[in-house]
Amino acid sequence: CHNYIDKKVSKWYIDSSSYKYIRGPLMNNERPDIQENYRFEYREVSTNHRLFITLRFTTAAFTAAIQSALLTFYSQTLQKLPPTGYATIIPIIGIISTIAVFLIEQRNIVLFRLMVKRGKELEFKMGLIDGQFGRFGEISPPKGLKKFVTHTWGIRFVYLMFLAMWVFLYILNWLNH
């Protein structure tokens, strides 16, 4: 059995695209196979983190395309005299789809934050000083109105505007009938 407590320098392969070297004793005097498990999980967490970033913006783009198509269909139904029942149904579909996508976005935010949290934990366990997840905490949170200038608030604002538009069109259609 090797004595890992005295080992002072460890080199760990962190990512398939680059090498990171960590100087210091193995954290918690853990065996190298446990550290290898941490490295494997770190790669998986990093991949999932990137996946959730991509998923958030893909969902936002898809939502904008769907809302645009619904709005186009809605405007075409209003050009028919008298307007068909679609003029009432389309805003309801718009409201439901906007709420559904907003709920999906909220879940993606939770999963995204869990990946960051787990990434930080793994970086600590591996002794990784300058990891990608640890850097998220280095930036001090903005104060005042600047705290709303984020991707999350921007996406929420877009969904709120879609929802407001559909509610307005529904009420407008209801008042005209």
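Computed from a predicted model, the values in this text were never measured in an experiment.

A. Just the overall build of the protein, in detail. When helices and strands are counted, the protein shows 3 helices and 2 strands. Along its sequence from the N terminus, the protein presents helices and strands in the succession β-β-α-α-α. Counting over 177 residues, the protein shows a buried share of 30%. For the protein, restricting intrachain contacts to residue pairs at least 6 apart in sequence, the fraction spanning at least 24 positions comes to 69%. In the form shown here, the protein has an accessible surface area of approximately 11,900 Å², with 67% of it arising from carbon and sulfur atoms.

B. Structural context of the nonpolar core. Core analysis: the biggest nonpolar cluster contains 12 residues, these being Tyr 38, Tyr 42, Val 45, Phe 52, Leu 111, Phe 112, Met 115, Val 116, Leu 122, Met 126, Leu 128 and Phe 133. The set of elements that each furnish at least two residues to this core consists of helix H1 (32-78) and helix H2 (86-126). Among the elements that take part in this core, H2 stands out by supplying 6 residues, more than any other. Not counting chain neighbours up to four residues away, the residues in contact with Phe 112 comprise His 49, Phe 52 and Ile 53.

C. Here's a closer look at a nonpolar patch on the surface. Where nonpolar side chains cluster on the molecular surface, the patch consists of Phe 73, Tyr 86, Ile 89 and Ile 93 and spans about 370 Å² of accessible area. When residues of the nonpolar patch are assigned to their parent elements, the largest contribution, 3 residues, is made by H2. In this structure, Ile 89 sits in helix H2.

D. Fine view of the side chain of Arg 56. Its location among the elements puts Arg 56 in helix H1. On the basis of relative accessibility, which here comes to 5%, the residue Arg 56 falls in the buried class. Not counting residues up to four positions away in its chain, the partners in contact with Arg 56 are Glu 105, Asn 108, Ile 109, His 151, Thr 152 and Ile 155.

E. Inspection of the confidence of the model for the protein at higher detail. When pLDDT is averaged across the protein, the result is 81; 81% of the residues are at 70 or more. Below pLDDT 50 for its whole length, residues 1-26 participates in 40 contacts with residues either more than four positions away or in separate chains.

F. Structural detail: the packing of aromatic side chains. Throughout the structure, instances matching the rule amount to 4 aromatic pairs. Look at Phe 73 and Tyr 86: their rings are 5.6 Å apart centre to centre, the planes differ by 55°, and that puts the pair in the tilted class. Taken as a pair, Phe 73 in helix H1 and Tyr 86 in helix H2 lie far apart in primary sequence, 13 residues in all. Look at Phe 73 and you get partly exposed, because its relative accessible area is 37%. Geometry around Trp 153 places Arg 156 over its ring, the cationic atom sitting 5.1 Å from the centre.

G. Up close: the pattern of salt bridges. This structure, assessed with the given rule, holds 6 salt bridges. Notably, a salt bridge pairs Asp 130 with Arg 135, separated by 3.1 Å at the nearest N-O pair. Judged by relative accessible area, Asp 130 falls into the partly exposed class, the value being 41%. By relative accessible area, Arg 135 is classed as partly exposed at 36%. In the salt-bridge network here, residues are joined through shared partners; they are Glu 36, Arg 39 and Arg 43.

H. Spatial organisation of the packing of H1 against helix H3 (residues 151-176). Across the interface, H1 lies against H3 with an axial gap of 11 Å and an inter-helix angle of 20°. The orientation of H1 relative to H3 falls into the category roughly parallel. Two packed elements cross with a definite hand, and for H1 against H3 that hand is left-handed. Contact residues: Arg 56, Phe 57, Thr 59, Ala 60, Thr 63, Ala 64, Gln 67, Leu 70, Leu 71 and Tyr 74 in H1; His 151, Thr 152, Ile 155, Tyr 159, Phe 162, Met 165, Trp 166, Leu 169 and Asn 173 in H3. Tallied by class, the residues present in the contact of H1 with H3 amount to 12 nonpolar, 6 polar and 1 charged.

Criteria and thresholds
- Residues numbered from 1 in each chain as written.
- Predicted model: local features only at pLDDT ≥ 70, side-chain atom pairs only at ≥ 80, totals over all residues.
- Heavy atoms only, no water.
- Helix = DSSP H or I, 4+ residues; strand = E, 2+ residues; numbered from the N terminus.
- Buried < 20%, exposed > 50% of the residue type's maximum accessible area, 1.4 Å probe, protein only.
- Contact = heavy atoms within 4.5 Å.
- Areas by Shrake-Rupley, 256 points an atom, 1.4 Å probe, with all protein chains shown as cover.
- Core = buried A, V, L, I, M, F, W, Y, C linked by side-chain atoms within 4.5 Å.
- Patch = residues over 30% accessible without salt bridge, like charges linked within 9 Å, V, L, I, M, F, W, Y side chains within 5 Å.
- Salt bridge = Lys/Arg side-chain N within 4 Å of Asp/Glu carboxyl O.
- pLDDT = per-residue confidence, 0-100.
- Phe/Tyr/Trp six-rings, centres within 6.5 Å; stacked < 30°, edge-to-face > 60°.
- Lys NZ or Arg CZ within 6 Å of the ring centre and 35° of its normal.
- Axes fitted to C-alpha atoms, helices over the stretch in contact; angles between N-to-C directions.
- Parallel < 35°, antiparallel > 145°, perpendicular 65-115°, else oblique.
- Left-handed = near helix turned anticlockwise from the far one by under 90°.
- Nonpolar A, V, L, I, M, F, W, Y, C, P; charged D, E, K, R; others polar.

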